[in-house]
Amino acid sequence: MTTRRWSRTGSGTAARVVQLIGAVFALIEVVYILLLLFGANAGNAFFRFIQSLAEPLALFWPGLFNIANRSLEIIVNYGLAAVFWLVVAGLIARVVS
């Protein structure tokens, strides 16, 4: 009697792609945090490009917590957005695989 084994390479690849996308979204948020914290020139084309990607990806997180320290507020609000993308991508990848 032969046992048929199902190939899981397709679902494993799809899960890795989903995790990669979530990691890229989180990385964009982290780069934006670093640019803001280190006082990057807001008129720079690279800064505007990262900002145009990071702000929509942050969804509802910016402004969720109003903290007196501006640096801490940036870290908390955009950092939560980065963690959100990692968690959501991980959950979706688990469902896919």
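Attention in this report is confined to the structure presented alongside it. If you're wondering where the values come from, they're calculated on a predicted model, not measured in any experiment.

1. Notes on the overall build of the chain
Inference 1: Helix and strand counts for the chain come out as three helices and zero strands.
Inference 2: Order of helices (α) and strands (β) in the chain, N terminus to C terminus: α-α-α.
Inference 3: Contacts spanning at least 24 positions in sequence make up 56% of the contacts within the chain whose residues lie at least 6 apart.

2. Digging into helix α3 (residues 70–96)
Inference 1: Taking 1.5 Å per residue as the helical rise, α3 with its 27 residues ought to reach 39 Å, and the 39 Å between its terminal C-alpha atoms agrees with that figure.
Inference 2: Regarding α3, the residues found buried are E73, I74, N77, Y78, G79, A81, A82, W85, A89 and A93.
Inference 3: For α3, the N-terminal capping position is held by N69, with its side-chain oxygen 3.1 Å away from the main-chain nitrogen of S71.

3. Digging into the nonpolar core
Inference 1: Residues Y32 and Y78 are the most contacted members of the largest nonpolar core, which totals 14 residues.
Inference 2: For this core, the elements supplying multiple residues, two or more each, are α1 (9–37), α2 (45–57) and α3.
Inference 3: For Y32, the contacting residues outside a window of four places in its chain are F47, I50, Q51, A54, E55 and Y78.

About the thresholds
- Residues numbered from 1 in each chain as written.
- Predicted model: local features only at pLDDT ≥ 70, side-chain atom pairs only at ≥ 80, totals over all residues.
- Heavy atoms only, no water.
- Helix = DSSP H or I, 4+ residues; strand = E, 2+ residues; numbered from the N terminus.
- Contact = heavy atoms within 4.5 Å.
- Expected span 1.5 Å × (residues − 1).
- Buried < 20%, exposed > 50% of the residue type's maximum accessible area, 1.4 Å probe, protein only.
- Polar contact = N/O pair within 3.5 Å; in protein donor to acceptor, adjacent residues only side chain to side chain.
- Core = buried A, V, L, I, M, F, W, Y, C linked by side-chain atoms within 4.5 Å.

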